[in-house]
Amino acid sequence: MKIIGRLLKWLWYHRNYFIIVITPLVLLPLPLIIPTPEARCGYAIILMALYWCTECMPLAVTALLPIVLFPMMGIMKAGAVSIEYLKDSNMLFIGGLLVAIAVEKWNLHKRIALRVLLLVGVRPALLMMGFMFVSAFLSMWISNTATTAMMLPIAQAVLEQLKATEARADERDFQAAAEDNQAFELEISQTKQENKGEKQMDTKAQLEHTVYENEWSPESLQESKRKAMEEKYDLLTKGMSLSVCYSASIGGTATLTGTTPNIILKGQMDKLFPGNGDVINFASWFGFAFPNMVLMLVLTFIWLQFMFLGFNLKLSFGCGGRNDRDKEAYMVMKQEYNKLGRMKFAEWAVLTIFVLLVALWFTREPGFIDGWATVLFNKEGDFVSDGTVAILMSMLFFIVPSRMPTCRGYGQDDAGKRVNTLPTLLNWDVVHERMPWNIILLLGGGFALAAGSEESGLSMWLGESLAPLEKIPPFAIAILLSLLVATFTECSSNTATTTLFLPILASMSRAIKIHPLYVMIPCTIAASLAFMLPVATPPNAIAFSFGKLKVIDMVKAGFILNIIGILTVNLGINTWGYAMFDMGNLPHWFNTTQNATHSNP
């Protein structure tokens with residue numbers, strides 16, 4: 001048995017090598033028995049899907065497989081595959097990340113977070129609401145992981161101060177009660193002395209008397225109060241940790257650059273439906289996703305409030321003025337804010353560029369009127385995109401200085417030498433260190449898969465195979481697919497999940513003749529609803545390590561939130577989204593790719 005146990009352990013530790021070698025061999029009969037381009041492309045996609053799900057290789061390395069497999073299998077030329085790895089959507093993503101890096105470098109996100117929390121207050125429900133609002137807002141612009149990593153230490157410091165203050169207050173109450181009870185205890189001892197010569201109580205009566213005295217002694221009361229306080233703050237810590245990581249994931253869905261699946265949707269739409277009139281841009285996505293995010297955030301707050309704080313509104317929200325405990329916890333946040341000092345020139349510069357970028361994104365192509373890009377540049381075609389604006393504004397971080405010019409130098413470098421060159425808001429060393437280059441390769445791998453599916457005819461074959469789904473009501477299809485994607489993303493990267501599913505959904509929409517966005521938008525947002533497991537997303541893992549959580553805590557809270565998220569996004573796509581994207585009519589660009597795709601024998 002020991003030998004078998006060791007062998008199983010050895011196999012487990014080396015499982016990645018076996019998966020990498022054995023999986024291609026097991027799948028090899030598919031292209032050999034069915035020697036068609038569709039089967040060869042299917043072989044590559046299934047192989048990549050299994051590699052992505054098992055993470056036997058880094059996700060970004062797996063994303064490079066189309067560069068090897070597609071040319072060797074005769075699906076696409078190497079040059080055509082390589083071009084897919086740096087599309088306009090990647091430029092939009094890079095621009096958004098550069099803005100996020102600048103905001104993080106100059107601590108602008110921390111200043112915004114603490115300022116809002118100081119306005120909200122420190123009562124439990126208000127504190128949770130404040131942390132959720134701030135986390136959601138920040139994750140719209142910077143990464144969900146960075147938001148969670150910044151907010152959780154602040155939440156922990158505030159909760160520890162609240163707990164310490166309450167413990168000190170209970171200690172003072174206990175001492176005051178003990179002084180009041182001294183006279184009563186003296187009277188009891190005198191009574192015992194008087195009754196010393198009388199008949200002793202029987203054993204049972206003595207035991208009951210002793211238990212009664214111990215049960216109502218001040219020490220036992222203090223101990224029970226301490227345990228109750230520990231339980232309360234354990235629940236509050238769990239609730240606060242989950243509220244931060246969940247709201248970071250929810251907030252990322254509100255903007256096109258907030259999370260990777262949103263960017264993948266835009267890229268896949270542009271690839272699979274050329275000539276779509278830029279139907280998914282920053283403004284149109286925000287118009288649909290922001291109300292959905294707010295609705296989801298409110299329902300999430302209500303559920304977490306019920307699960308961890310209860311519905312005692314008086315205790316949770318507080319009434320009247322602030323007590324000493326609230327004031328001391330408030331001072332913790334105030335001290336953290338004061339450590340940041342006054343706003344520096346660099347922070348004002350980053351804030352100005354950020355606001356200007358968002359304004360240009362919203363006004364580029366608002367939809368109800370001609371935007372500035374249409375008037376100035378796009379009269380004869382879509383020359384200027386959201387990616388153009390993102391790169392233009394992010395380049396300013398490498399041009400605008402981080403402080404006002406002076407003749408006295410700009411401090412000292414690591415070697416202790418005086419710096420005479422005016423530093424800019426960002427330099428390439430900082431960008432190189434913080435830029436998640438692997439995500440850019442992942443995006444490219446997804447676009448290459450979509451291109452291979454179209455070139456090989458696999459997309460058309462999938463569409464024809466899914467034609468029987470036309471008999472099912474569209475709203476039921478959208479809900480079922482959202483559930484499938486939300487379940488899949490719990491154990492797989494949301495980037496890989498979106499990359500695999502969106503081309504299939506596009507083919508299905510052609511086959512059953514419904515608007516592609518009717519199923520693609522809900523599934524894109526569902527890919528960000530990884531709430532149930534610590535390993536599902538980095539924010540979940542950070543919260544799990546911070547919040548004294550058990551897996552069952554996350555499963556119980558996350559399961560309901562998955563249902564809430566799926567219902568809200570499907571509500572949105574059938575109400576305001578239905579009107580925004582004109583879901584009732586098939587768009588003129590609907591069959592563009594299908595007609596252009598050459599079929600292979």
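An unreviewed UniProt entry lists the protein under the name Citrate transporter-like domain-containing protein, with Perca fluviatilis given as the organism. Under the UniProt heading Sequence similarities (unreviewed entry), the note attached to the protein is "Belongs to the SLC13A/DASS transporter (TC 2.A.47) family. NADC subfamily." Under the heading Subcellular location (unreviewed entry), UniProt records this for the protein: "Membrane".

Remarks on the overall build of the protein
Each helix and strand counted, the protein has 30 helices and zero strands in total. A buried classification covers 48% of the 601 residues belonging to the protein. Entry remark: accessible area of the protein is about 29900 Å², with carbon and sulfur atoms responsible for 65%.

So, the side chain of Asn281
Tracing the backbone through its elements, the reader meets Asn281 in the loop between helix 14 (260-272) and helix 15 (282-309). A distance of 3.3 Å separates the side chain of Asn281 from the backbone oxygen of Asp278, its partner in a polar contact. At 3.1 Å, the side chain of Asn281 forms a polar contact with the backbone nitrogen of Ala283. Every residue in contact with Asn281, bar those within four places of it in the chain, is listed here: Leu256, Arg364, Glu365 and Asp386.

Some details on the packing of helix 14 against helix 22 (residues 437-456)
One can describe the packing of helix 14 onto helix 22 by two numbers: an axis separation of 10 Å at closest approach and a directional angle of 30 degrees. It follows that helix 14 is roughly parallel to helix 22 by the angle criterion. Between helix 14 and helix 22 the crossing geometry is right-handed. For the pair formed by helix 14 and helix 22, the contact residues are Thr260, Ile263, Ile264, Gly267, Gln268, Lys271 and Leu272 on the first element and Ile439, Leu443, Gly446, Phe447, Ala450, Ala451 and Glu454 on the second. Partitioning the contact of helix 14 with helix 22 into residue classes produces eight nonpolar, four polar and two charged.

What about the pattern of salt bridges?
Inspection of every chain in the model, using the stated rule, returns ten salt bridges. One salt bridge connects Lys266 with Asp278, and the closest N-O pair in it is separated by 2.9 Å. Of the two residues, Lys266 is situated in helix 14 and Asp278 in the loop between helix 14 and helix 15; the sequence distance between them amounts to twelve residues. For Asp386, the salt bridge identified is with Arg364, shortest N-O distance 2.7 Å. Here the residue Asp386 occupies a position in helix 20 (residues 386-395), and Arg364 occupies one in helix 18 (residues 345-364), the gap between them amounting to 22 residues. Like Arg364, Asp386 is buried. It is possible to trace a salt-bridge network through shared partners that takes in Lys266, Asp270, Asp278, Arg364 and Asp386.

Some words on the nonpolar core
With 159 residues, the main nonpolar core has Ile280 and Ile521 as its most contacted residues. Considering each element in turn, this core owes the most residues, twelve residues, to helix 15. Not counting chain neighbours up to four residues away, the residues in contact with Ile521 comprise Leu265, Ile280, Trp285, Phe288, Ile573 and Phe581.

A word on the packing of aromatic side chains
All chains considered together, the criterion is met by 18 aromatic pairs. A centroid spacing of 6.2 Å and a plane angle of 25 degrees characterise the contact between Trp141 and Phe282, whose relative ring orientation is stacked. Highlighted residues: Trp141 in the loop between helix 10 (124-139) and helix 11 (144-194) and Phe282 in helix 15, separated in sequence by 141 residues. Here the two residues Trp141 and Phe282 agree in accessibility, since each one is buried. Centre to centre, the rings of Phe282 and Phe362 are 5.3 Å apart; their planes meet at 85 degrees, and the pair counts as edge-to-face. Note that Phe282 is positioned in helix 15 and Phe362 in helix 18, a separation of 80 residues in sequence. Three or more aromatic residues joined by ring pairs make a cluster, and in this case those are Phe137, Trp141, Phe282, Phe286, Phe290, Phe354, Trp361 and Phe362. The ring of Trp12 has Arg15 lying over it, and the distance from NZ or CZ to the ring centre is 3.9 Å. We note Arg115 situated over the ring of Tyr337; from NZ or CZ to the ring centre the distance is 5.1 Å.

Let's talk about the packing of helix 8 (residues 88-105) against helix 22
Where helix 8 meets helix 22, the axes come as close as 10 Å, and the angle between the chain directions of the two elements is 160 degrees. Our classification of the angle between helix 8 and helix 22 gives roughly antiparallel. Like other packed secondary-structure pairs, helix 8 and helix 22 cross with a definite hand, here right-handed. Taking contact as the criterion, the partners of Ser89, Asn90, Phe93 and Ile94 in helix 8 are, on helix 22, Ile439, Ile440, Leu443, Gly444 and Phe447. Each residue belonging to the contact of helix 8 with helix 22 can be placed in one class, and the counts come to six nonpolar, three polar and no charged.

Description of helix 23 (residues 458-465)
Spacing of three or four residues puts side chains on the same side of an α-helix, whose turn is 3.6 residues. Every buried residue of helix 23 is accounted for by Leu458, Ser459 and Gly463. Looking straight down helix 23, one finds that the buried residues subtend no more than 140 degrees of arc, so they occupy a single side. Tucked into the core, helix 23 has its buried residues touching helix 4 (37-54), helix 22 and helix 25 (494-512).

Notes on the environment of Ala80
Examined against the element boundaries, Ala80 turns out to sit in helix 7 (residues 78-83). Through-space distance from the C-alpha of Ala80 to that of Ala448 is 8.9 Å; in sequence the pair is 368 residues apart.

Here's the deal with the environment of Glu365
With respect to the helices and strands, the residue Glu365 is situated in the loop between helix 18 and helix 19 (372-376). The class of Glu365 is partly exposed, set by a relative accessible area of 23%. Distance from Glu365 to Val279, taken between C-alpha atoms, is 9.9 Å for residues 86 residues apart in sequence. Not counting residues up to four positions away in its chain, the partners in contact with Glu365 are Asn281, Ala283, Gly371 and Thr374.

Digging into the environment of Leu360
Relative to the helices and strands, Leu360 is located in helix 18. On a C-alpha basis, the gap between Leu360 and Asp386 in space is 8.7 Å, while along the polypeptide they are 26 residues apart. With sequence-adjacent residues up to four places away left out, Leu360 is seen in contact with Trp372, Val389 and Met393.

Description of the confidence of the model for the protein
Do not read the fine detail of predicted coordinates wherever pLDDT is low. With 82% of its residues at a pLDDT of at least 70, the protein reaches an overall mean of 81. Averaged pLDDT values over the elements of the protein bottom out at 44 in helix 30 (residues 592-596) and peak at 93 in helix 26 (residues 516-526). Across residues 593-601 the pLDDT falls below 50, and counting only partners more than four positions away or on other chains, this stretch makes 16 contacts in the model.

Digging into unusual backbone geometry
Of note in the backbone geometry, Asn107 takes a positive phi value of approximately 60 degrees without being a glycine. Secondary-structure assignment places Asn107 in the loop between helix 8 and helix 9 (108-120). On the accessibility criterion, Asn107 (33% relative accessible area) is partly exposed. Backbone geometry places Asp582, a non-glycine residue, at a positive phi of 55 degrees. With respect to the helices and strands, Asp582 occurs in the loop between helix 29 (576-580) and helix 30. Asp582 gets classed as partly exposed once you look at its relative accessible area, which sits at 41%.

The rules behind each value
- Residues numbered from 1 in each chain as written.
- Predicted model: local features only at pLDDT ≥ 70, side-chain atom pairs only at ≥ 80, totals over all residues.
- Heavy atoms only, no water.
- UniProt positions renumbered as here; feature names shortened; annotations may be inferred.
- Helix = DSSP H or I, 4+ residues; strand = E, 2+ residues; numbered from the N terminus.
- Buried < 20%, exposed > 50% of the residue type's maximum accessible area, 1.4 Å probe, protein only.
- Areas by Shrake-Rupley, 256 points an atom, 1.4 Å probe, with all protein chains shown as cover.
- Polar contact = N/O pair within 3.5 Å; in protein donor to acceptor, adjacent residues only side chain to side chain.
- Contact = heavy atoms within 4.5 Å.
- Axes fitted to C-alpha atoms, helices over the stretch in contact; angles between N-to-C directions.
- Parallel < 35°, antiparallel > 145°, perpendicular 65-115°, else oblique.
- Left-handed = near helix turned anticlockwise from the far one by under 90°.
- Nonpolar A, V, L, I, M, F, W, Y, C, P; charged D, E, K, R; others polar.
- Salt bridge = Lys/Arg side-chain N within 4 Å of Asp/Glu carboxyl O.
- Core = buried A, V, L, I, M, F, W, Y, C linked by side-chain atoms within 4.5 Å.
- Phe/Tyr/Trp six-rings, centres within 6.5 Å; stacked < 30°, edge-to-face > 60°.
- Lys NZ or Arg CZ within 6 Å of the ring centre and 35° of its normal.
- Arc of directions from axis to C-beta.
- pLDDT = per-residue confidence, 0-100.

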